[in-house]
Every structure is written in structure tokens, then in C-alpha cells.
Amino acid sequence: MALPVAFFALFFAWPVAAIVARGLKADGAWRWGRLADVVTQPDIRHVLWFTTWQALASTALTLLLALPAAYVFARLDFPGRQVLRAVVTVPFVLPTVVAGSAFLALVGHGGLLDDLWGVRLDTTVWAILLAHVFFNCAVVVRTVGGLWSQLDPRQEEAARMLGASPLGAWRKVTLPALAPAVAAAALMVFLFCFTSFGIVQILGGPTFSTLEVEIYRQTSEVFDLSTAAVLTLVQFAAVGAILAVHAWTVRRRETALRLVDPAVTARRPRGAGQWALLALVLGTVALLLVLPLAVLVQRSLDAPGFGYYRALTDADGGTFLVAPVHAVWTSLQYAVAATAIAVAIGGLAAAALARRDAGRLVRGFDALLMLPLGVSAVTVGFGFLIALDKPPLDLRQSWLLVPLAQALVGAPFVVRTMLPVLRAVDVRLREAAAVLGASPWRVWREVDLPMVRRALLVAAGFAFAVSLGEFGATVFIARPDNPTLPVAVARLLSRPGDLNYGQAMALSTILMVVCAAALLLLERLRTDRTGEF
Amino acid sequence: MQNKTLVAVAVGLGLIGLSACGSTDAKSTAGSKTVTLVSHDSWAVSKNVLADFEKKTGYKVRVLKDGDAGQAVNKAILTKDNPQGDVFFGVDNTLLSRALDNGLFQPYTAKGLDKVGAAYRLDKDKHRVTPVDYGDICVNYDKKYFADHHLTPPQSFADLAKPQYKNLLVTENAATSSPGLGFLLGSAAQFGDNGWQGYWKNLKANGVKVVDGWEQAYYQEFSGSSEGKKAGGDRPLVVSYASSPPAEVIYAKKRPGTAPTGVSYGTCFRQIEFAGLLGNAKNPEGAKAFIDFLVSREFQEDMPLNMFVYPVVQGAKVPAEFTEYGKAAQHPETMAPGKIAANRDQWVKSWTSLVLK
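These figures come from a predicted structure and were not determined experimentally.

## Quick word on the layout of surface pockets
It is the rolling of a water-molecule-sized probe over the atoms that shows where space remains empty.
Here is step 1 of the chain: There is about 1,000 Å³ of room inside the second largest pocket.
Here is step 2 of the chain: Around the second largest pocket sit 47 residues that line it, and Arg217(A), Gln218(A), Val222(A), Phe223(A) and Asp224(A) are the ones nearest its centre.
Here is step 3 of the chain: Among the secondary structure elements, those contributing two or more residues to the lining of the second largest pocket are helix 1 (2-24), strand 1 (25-26), helix 3 (42-75), helix 11 (211-222) and helix 12 (225-253) of chain A together with helix 3 (69-78), helix 4 (96-101) and helix 13 (337-356) of chain B.
Here is step 4 of the chain: Broken down by element, the lining of the second largest pocket gets its largest block of residues, eight residues, from helix 13 of chain B.
Here is step 5 of the chain: In the lining of the second largest pocket, the residues fall into 17 nonpolar, 14 polar and 16 charged.

## With respect to the pattern of salt bridges
Residues and elements named next belong to chain B.
Here is step 1 of the chain: In the structure shown here, the tally under the stated rule is 16 salt bridges over all chains.
Here is step 2 of the chain: Notably, a salt bridge pairs Glu298 with Lys56, separated by 3.8 Å at the nearest N-O pair. Here the residue Glu298 occupies a position in helix 11 (residues 297-307), and Lys56 occupies one in helix 2 (residues 47-57), the gap between them amounting to 242 residues.
Here is step 3 of the chain: Residues participating in the shared-partner salt-bridge network are Asp52, Lys56 and Glu298.

## Remarks on the confidence of the model for chain A
All names here are of chain A.
Here is step 1 of the chain: Averaged over all residues, the pLDDT of chain A equals 81, while 89% of them reach at least 70.
Here is step 2 of the chain: Per-element averaging of pLDDT across chain A places helix 13 (residues 262-265) at the bottom with 68 and helix 3 at the top with 92.
Here is step 3 of the chain: For residues 527-532, every residue scores under 50 in pLDDT, and the model assigns this stretch 19 contacts once sequence neighbours within four places are set aside.

## Things to note about the packing of helix 19 (residues 401-424) of chain A against helix 21 (residues 440-469) of chain A
Residue and element names in this part refer to chain A.
Here is step 1 of the chain: Helix 21 packs onto helix 19 with a crossing angle of 155 degrees between their chain directions and a minimal axis gap of 9 Å. In terms of their interaxial angle, helix 19 and helix 21 are classed as roughly antiparallel. Considering only the axes of helix 19 and helix 21, their crossing is right-handed. Contacts from Gln406, Val409, Gly410, Phe413, Val414, Thr417, Met418, Val421 and Leu422 in helix 19 reach Met451, Val452, Ala455, Leu456, Val458, Ala459, Phe462, Ala463, Val466 and Ser467 in helix 21.
Here is step 2 of the chain: Of the residues belonging to the contact of helix 19 with helix 21, the class tally is 15 nonpolar, four polar and no charged.

## Here's the deal with the pairing of strand 8 (residues 237-241) of chain B
Each regular strand displays side chains that alternate between the two surfaces of the sheet.
All names here are of chain B.
Here is step 1 of the chain: Among the five residues in strand 8, four count as buried, and that is most of the element.
Here is step 2 of the chain: As paired strands, strand 5 (residues 129-142) and strand 8 are joined by five bridges and run antiparallel to one another. Looking at strand 8, one finds that Cys138 is bridged to Ser240.
Here is step 3 of the chain: In the sheet, strand 6 (residues 169-172) pairs with strand 8 via two bridges, with the strands oriented parallel. Opposite Val170, over in strand 8, you have Val238 as the bridge partner.

What counts and what doesn't
Think of each chain on its own: its residues are numbered from 1, step by step along the sequence as written. Written order determines the labels here, with chains lettered from A and ligands numbered from 1. Reporting in this predicted model follows two pLDDT cut-offs: at least 70 for local features of residues, and 80 or more for side-chain atom pairs to be given and counted; totals over whole chains, interfaces and linings ignore these cut-offs and use all residues. As a rule here, side-chain values come from all non-hydrogen atoms in the structure, and water together with hydrogens is ignored. Using a 1 Å grid laid over the protein atoms alone, points where a 1.4 Å probe fits but cannot get out form a cavity; open sets with protein on both sides within 12 Å along at least 5 of 7 lines form a pocket; any residue with an atom within 4 Å of a point counts as lining. Grid points are joined across faces, edges and corners, and a volume is the space filled by probe spheres set on the points. Secondary structure elements follow DSSP: runs of H or I of four or more residues count as helices, runs of E of two or more count as strands, with numbering from the N terminus. Amino acid classes used here: Ala, Val, Leu, Ile, Met, Phe, Trp, Tyr, Cys and Pro are nonpolar; Asp, Glu, Lys and Arg are charged; the rest, including Gly, are polar. A carboxyl oxygen of Asp or Glu within 4 Å of a side-chain nitrogen of Lys or Arg is what we treat as a salt bridge. pLDDT is a residue-level measure of predictor confidence that goes from 0 to 100. Any two residues having at least one pair of non-hydrogen atoms within 4.5 Å are treated as being in contact. Lines fitted to C-alpha atoms define the axes, with helix axes restricted to the stretch in contact, and inter-axis angles between N-to-C directions lie between 0 and 180 degrees. Any angle that falls under 35 degrees is termed roughly parallel, while one over 145 is termed roughly antiparallel, one within 65 to 115 roughly perpendicular, and all others oblique. By the definition used in this description, the sense in which the near helix is turned from the far one sets the handedness, with an anticlockwise turn below a right angle giving left-handed and a clockwise turn giving right-handed. Here's how the labels work: a residue is buried when its accessible area is under 20% of the maximum for its type, exposed when over 50%, partly exposed in between, all with a 1.4 Å probe on protein chains only. DSSP calls a pair of strands paired once it identifies at least 2 bridges connecting them.

Have a look at this one:
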């Protein structure tokens, strides 16, 4: 417990506090009056209002489209199910710059829809909403679908036998069992949309601004640190509230459900209704998720003889000091380091949280661990710059800074994956082993490890994919001569010329393929428990 | 419990090991023979010119490109107690006061400063910054569009609000883009502190389009640039630079006889870029040598084709492409940094609610 707490205090709480203090402290005195000043400004209220309603709308739209998909992936058996499940998850771990440009290539100026029918959605709120659905489908499909696939279908069948209508049986039996998972997923989606940055920045143009975008603009462009600090606190409070509700729904979900092996619950579709639903879901997935990714791949192949891919090995492009393909290597190294840190920190935290005697304080820490997911990356990035710049901890020149920031985002996923599995390990097994004379180390190796090994691998894989795609904090601290993949993509996209654009698409495609491969591996390893991701 | 302790120790050791690698890394770059330049993403210099500097002075140059101009300045201010480098290049007259008021630089009088035009020396008495280059932010037009439509291109700020140019202009967000801000300041210089808002109301009524950054405006929306043409850009007027037409020619696949775009010289605002010695520089001597280098003739003559700006040193030769396909503005709008500092944030705010909301 001590290590995760120290880690988050040092690499999260301290930098964030440092940057907030920088904005709100003048001549040694706190200026809390700024809070009211800023929050009552009409512009800021407009931002708050937009942030909230677009998040609500995005969440509703995501649930509308992803719940049927969750059902289909959980209960229907069809060829290619596993591959498609991985494909649905790819957008979630893609960096927003890549997703943003994929969407621009689809609905933007000169995009596919523009060419075909003259339809353009960029700089409209529709592009933002659709991109949010694209991103967050995975959260619903994995959280709700994961549980759905393990609910015993015989309970619903029993209700039917006793005379309930299909809808009635579903409403009385399945829905109550699923409701907490749906609520938890909806809250996570709401959180991600509420703190949306890249999507709004890229697709929304100058007219739309979420709280997170406004923090970025105030810090990075207007340099009004006190406004930025107030907005950071506002976002902090909002995210804290969302997470508190989330933690509460998660705990409610841990009430005993009779779970079965997902392999026996899925069947081939029967009847016109199920076939129609399957077709509908596959159609939506193809249109909303696969099409943007396909456009990306197509644009990367737009030069003869894989020209854009071959150009990646050329160091004389001028954009970087190294060949762009070097970024792949850099990213992989960072991601391995970040995964190691995230698994160590997240694993220890999960172990502490899983103990039966964990008190309220420890359980409160559970929600705190999720905070990095909802706190502005620019705040963390700037915080790193001004807090970790003095001995004994002068990390500013160190390459380690990037994996540390990425581990902050990866650790919550590790905790969420490990926790349910660790809680399920029967204490009596450990006690029995100890009674029979096993040392604590041996108990862990012989009892715990075999049970959590798969969860550990899944957690590591997810942390790896998330680190690979992390953009917000990395862009602030990555060294210019050593860009990661997403940073390289963003920089290529901001340069003129076909060659740069094509290379950006090629790099994005490589990133996408690596993420998809990692996720496909995870599908094979997936544990039978209700991990959340 | 023991197992966890073991893991904790292992991880702790790992972290220490990793940070040890990190710190040796830092030491190697802190040597006094390395000078670190912090700049924005547009920094560029010919390899042989830089190598020449390194050979002459014995310093090794490390470049840290830190985002766009505004971001780079802000980051430098935030980290000024323990700066990331020794010398900063790329603060312009619109942001100069922010850097100076925050005490980013320490005074240094560059060797060769006497050859820099007096009009560019905005910090004359204190010498905290040294002018390095200038450029003009002006409306560019698509020659073909205006020829095809038998229309004279607009010549002045006032022209842009006329009905015959309705829905033709795209500009950048003044809050997020430096040409966008320059164009706003130019209009404020032209119409005065109280007149510019009325002017922008007219521009808005006349269909001006605002996008976030220069790249998007120039390469996506503007019909005159080669990329813009491909992207289906449909706006023949864009806020860009006086040096954009030469750039169109130099970067063309096949060099045309004349530039495909022109400049409305009555819409220009002059931007001057400065370099300065960072307050707590670890290698002040190296930084000084580098600043001298920035105003040396060798660098000044190399600069235009790398960064598409004009030299500030008298007698520095401008490349033929610059004179053949374009020219600097004769009578650009200007504004004193003090005045910009006093009004910038308030103006950008009113501009945002006037034009974007």
C-alpha cells in the first residue's frame, strides 16, 4: 500500500498541486476569490454547459448503439466474433490525434462523405458526438458484455416457463443483474466525454470548448494560470463526484451473482429477430468503427509501392532529427517501461484493496486511483515540468518522465482488471497452505500466482496498449529529438504536404496494427471473471 | 505480507536504477561545451552553417523545439528558475512584453547589434532581447480566382469588408494562432482602439471564416496554395505571410514562372522575432556566442530560405526568390509592445465573443 500511495503522491498529487498553486497563489497568499470570479464569467459558464450536455448526449448515444452490440457479442455466436471484439476495442486505445484524423478523413473537408455526397460534419457538434461513440463503444461492450456473457441464461428461461413474456423475463431477471454494470459503464463513458480533449480540439474547431480544452487554452495560449487553476479545481470536483458514484455502483455490482462460463451462454442466432439484430449491430460497427479505420489505412496506401511507409525510414524529411520509424522503437521502449511501472503499482494497490480487512480509507483510495484518468493532461504535463525539476528528483531531462506519466494512466486499468480476480481468491486456500507449512512466498507462488496470472497478463496488455497510445501528457514532456508514435503523428499532421500527411497515416496504421495485435492476444487470455475492461 | 515487501523492494530498486540512467543522461548534456537552444517548431538552419558555428566556437548545439511560438514562450516562463536551455529564440513582438515582464531574460548586448536596423530594436536601452528576423502577416490572394472572376484583389483592410469580397476570406483564431493575432492587431492599428470592433462586425457580416490554425487555413481552406487546391479549398483570400508566395514557388514540383498567389500589401502587420539569454542559463558564455551567431551575416543570409523570414541586419543579402516572387511590405502596420501588452488579452477576449460566439 505504501508504494502506490507514495507513487501517486509524488508523480500525480504533487505536480498537480504545484501547478494549481502557481496559478492561485500570489505573494504567498491564496486567492480563493478567483474561484467565484472565474466561474461567473459568461464564457466559462458557456464552456461548463457545453461540457456537460455534450457528455450527456455522447453517453446516451454510446449506450444506444453499444448496448445491442454488447448483447450480440455476449450471447450470439458467429464467425469472427473474437476478431470483431478486438476491433471494437482498438479505437479506445488509439491516440485521439489518430482517431481525430480518421474522422476528418471521413467527414471533413475533402473527406469520403464530402467526395461522395458533399456531406461535411467537421466543426459541427455531430462530428464530436460520433467520434465519442467511436471511442467509447469498447467500454460498454467490454464492461456490460463481459458480465452479460456470464449470466446464467437458465434463470431467464425459468421465468419464461413460469409464464413471463420475453420482455417481462428480461426486465425482471436480466436487467436487474446488468443494471449496475450498465451504470458503471455509462459513468466511465461520461467521464471520458466530460474530459474530452483531442477530439473536441481537432473536430470542433475554434467554436467548441470543453473544460479540458479551455484549461489547455488558458494555460498554453492565453497564459492565464489562475483561470486555468480554477478550471482544474472545478474539473477535479466534477471528476471526483463522478468517480464516487462509479465506486458506489461497482461495489453494488460485487453482490453475488451466479456466473457461468461464457463459452456455454453464446449460441448461434435463432429466429428473424436475432438475425436482424446481428445484422444491425454488424452494420453499425462497420459504419462507425471499421470505416474510419479503413479510411486511415487506405490513405496510408495512397502512394505507389508503399511509398509513405518507405519514406518513414528516411531521416532527411526534416520534421525530426531521426527517421519517423524510429518513433515506433521509442514508443515500444517507453510502453514496456510504463507497463512495468503500472503493473507493479497497480498490482500492489489491487492487492491492498482486495484484502478483506481493507477499511474505508483504503476503499476510498480505490476511487482516488482513477483520478488520473479524469485530470487534464496539460495540468499533469506542466506540473511535471515545474515540480520534478530540482534535485533530488530532477527528472526533467530523463527519458523516464514519459513512462511515468503513461503509467499514471495505465495503473487504473491494472487495478480494475486485477481487483475482481484477487477478491475471488479463496482465503481458505491460503490458510490451508500455510497450515501445511508453506512459507508466505510459497503460498503466493503456489496459490495466488496461478489464479491471477492470466489477469496479470491481461492487465499488462491493456496498460501496454494504453501507454502506446497516450498522447496528452506525453506531448508536453516527450523530448523533441525522441518523439513517441502519437507525438510523431501529431507533428507530421501539422506539417504541410502530401508526404507528411501520408507518413502520418502510415504511422497511425502501424500503431493501430500493434494495438489490435495486443488486444487479440488478450482475447485469447481473457479470464472468466468480470474484469471491467 | 512478506511477498509484497519483496515486490516493493524489487520495484523500488528498479525505479532507482532507471532514474540513475536518467541522471547520467542529464549530466552528459550539462557540460559547458554544450549550448542548448530552446525554440519553437519552426526553427530551422542549414546544416553546414550550424556546423560552422560549432567548429569556430567549439560549442556543440543542442536544439529543443518546444511547440508553437506561444507554447514555447509560456513553457520557458514556467520553467525559468531552472530553465531547459541557455538561449531562447522565437519570442515575437506580440508576446515580447509577457516574456520581459516575467523576467525571462538577462541583459546581453550582442556583438554586431550595431548593424541591426534601429526599427527592430524594441528593447533598446536594456538589451534583454536581440532582434533576429522579421516578417509581415498579410492577406494572400489566389491570382487565378480573381482573374477568372474579373475582380481586382482587395488592397486594404477596408476592402475586405466590401460586398464584392463576401465569403472569400479565411483567417485564424486570434486566441490560438499568431498570424490570427497579428491580423487582429493590424486591424486595431488601422482602425484605432475603438474602431476595430465595428470593422470586425462588418467582416463577420461579410462572411469571414475562422479556423484554429494557420495550417488549416492555408492548406485546407485557401484555394491558392497547391495543397489547398488538392484539399478542395474554396476561399481565395487567406491571412498568411508576405513570404508565402515565394514559398509556393520554391516548394512547387515544377517551378512556375510567377507565383500563383499574391499579397494585399495594405493589410500587413509586422512581426519581429527575438532571441535572448535565459535568466538562469547554465552556459551563459555559450548562449552569448550563439546570440552573436544569430545576428552574424552568415546566419542572417541563410535564414530566409529556412524559416521564410527577412534578415534584420543591414546589408544581409536576401535570396533572389524573395525579390523575384514577392517583397516585404513597404508600410506595414506596427504597434508598440507596451500597447500590445496593455490590450492584447482584453482585445482577444472581445474579439472571441464578437466573432466566434
